Amino acid sequence: MSPTRPPADPPGDDTLDLRADDLAALLDGDLLDSVAAWNPAATSAGAFRLVPVRLERDLPLLAGWMNDPAVAAFWELAGPDTVTADHVRAQLEGDGRSVPCLGVLDGTPMSYFEIYRADLDPLARHYPALPHDTGIHLLIGGGTDRGRGVGTTLLRAVADLVLDHRPRCTRVVAEPDIRNTPSVSAFLSGGFRYAAEVDLPDKRAALMIRDRALRHVL
């Protein structure tokens with residue numbers, strides 16, 4: 001499955017201001033409720049967990065995925081390893097608004113996720129964001145895992161992990177490129193609803209939302 005979009009710029013002047021509870025979380029070093037400690041999820045594809053990226057361990061794998069033409073078409077991070085390293089390092093050295101993770105299925109790293117605070121991201125300027133809205137960016141690394149429903153399974157699992165471990169979050173959001181039909185379809189099949197089309201600086205996107213209130217319905 002193709003990834004959702006090139007991730008947002010690293011935190012800077014274009015990010016939204018922190019609220020009082022976020023400032024407290026920032027002082028604790030955690031705006032996303034300890035992603036590293038989230039429990040694994042049992043899925044129809046196997047046991048899945050999010051493992052925060054360590055560049056010294058994971059860079060060759062990530063850079064290889066980013067140079068796959070199917071991935072590069074939307075993430076635009078093809079090139080030498082330093083391109084991917086700079087992108088990931090900006091998150092690792094940021095204030096915690098975005099956590100880059102490997103998706104590990106039955107012990108094998110096979111996908112890349114970015115779990116981020118959508119309400120503190122430039123994306124929030126383009127839709128009616130709610131406090132603690134949490135966003136997902138995704139790519140499936142190996143071609144053999146694409147086109148057979150694995151992406152849908154993992155999107156549902158990760159959205160459930162967010163809702164299970166972030167009690168203040170009422171919605172999980174994503175903004176795949178509207179042209180990326182397989183990605184939009186995977187989100188719809190994974191329990192997200194199509195909310196709107198939004199014009200972002202780099203693309204026209206489909207705003208996809210998974211509501212806590214509807215998680216057992218969709």
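Right, let's talk about the packing of helix H5 (residues 150-165) against helix H6 (residues 181-189) for a bit. Contact geometry of H5 with H6 gives a least axis separation of 8 Å together with a crossing angle of 50°. Relative to H6, the element H5 lies oblique. Remark: the crossing between H5 and H6 carries right-handed chirality. Touching Thr 152, Leu 155 and Arg 156 of H5 are Ala 186, Phe 187 and Ser 189, all from H6. Here the residues of the contact of H5 with H6 are counted per class, giving three nonpolar, two polar and one charged.

Turning our attention to the confidence of the model for the chain. Residues with a pLDDT of 70 or more make up 90% of the chain, whose mean pLDDT is 90. This model gives residues 1-13 a pLDDT under 50, and the stretch forms 55 contacts once residues within four places in sequence are excluded.

By the secondary structure assignment, Arg 156 is in helix H5. With 62 residues separating them in the primary sequence, Arg 156 and Leu 218 have C-alpha atoms 10.0 Å apart. With residues up to four places along the chain from it excluded, the contact list for Arg 156 reads Ser 189, Gly 190, Gly 191, Arg 210 and Leu 218. At 3.1 Å, the side chain of Arg 156 and the backbone oxygen of Ser 189 are in polar contact.

Moving on, we come to H5. For H5, built from 16 residues, the straight-helix expectation of 22 Å at 1.5 Å per residue is met to within 8% by its first-to-last C-alpha distance of 22 Å. Considered for burial, the residues of H5 that qualify are Val 150, Gly 151, Leu 154, Leu 155, Ala 157, Val 158, Ala 159, Leu 161, Val 162 and Leu 163.

Counted according to the given criterion, the structure contains 18 salt bridges. Across the pair Arg 215 and Asp 164 runs a salt bridge, and its minimum N-O distance is 3.0 Å. With a gap of 51 residues between them, Arg 215 in the segment after strand E8 (203-211) and Asp 164 in helix H5 connect regions that are remote in the sequence. Residue classification places Asp 164 among the partly exposed positions, given a relative accessible area of 49%. Within this structure, Asp 160, Asp 164, Arg 210 and Arg 215 form a network of salt bridges that share partners.

Criteria and thresholds
Residues numbered from 1 in each chain as written. Predicted model: local features only at pLDDT ≥ 70, side-chain atom pairs only at ≥ 80, totals over all residues. Heavy atoms only, no water. Axes fitted to C-alpha atoms, helices over the stretch in contact; angles between N-to-C directions. Helix = DSSP H or I, 4+ residues; strand = E, 2+ residues; numbered from the N terminus. Parallel < 35°, antiparallel > 145°, perpendicular 65-115°, else oblique. Left-handed = near helix turned anticlockwise from the far one by under 90°. Contact = heavy atoms within 4.5 Å. Nonpolar A, V, L, I, M, F, W, Y, C, P; charged D, E, K, R; others polar. pLDDT = per-residue confidence, 0-100. Polar contact = N/O pair within 3.5 Å; in protein donor to acceptor, adjacent residues only side chain to side chain. Expected span 1.5 Å × (residues − 1). Buried < 20%, exposed > 50% of the residue type's maximum accessible area, 1.4 Å probe, protein only. Salt bridge = Lys/Arg side-chain N within 4 Å of Asp/Glu carboxyl O.

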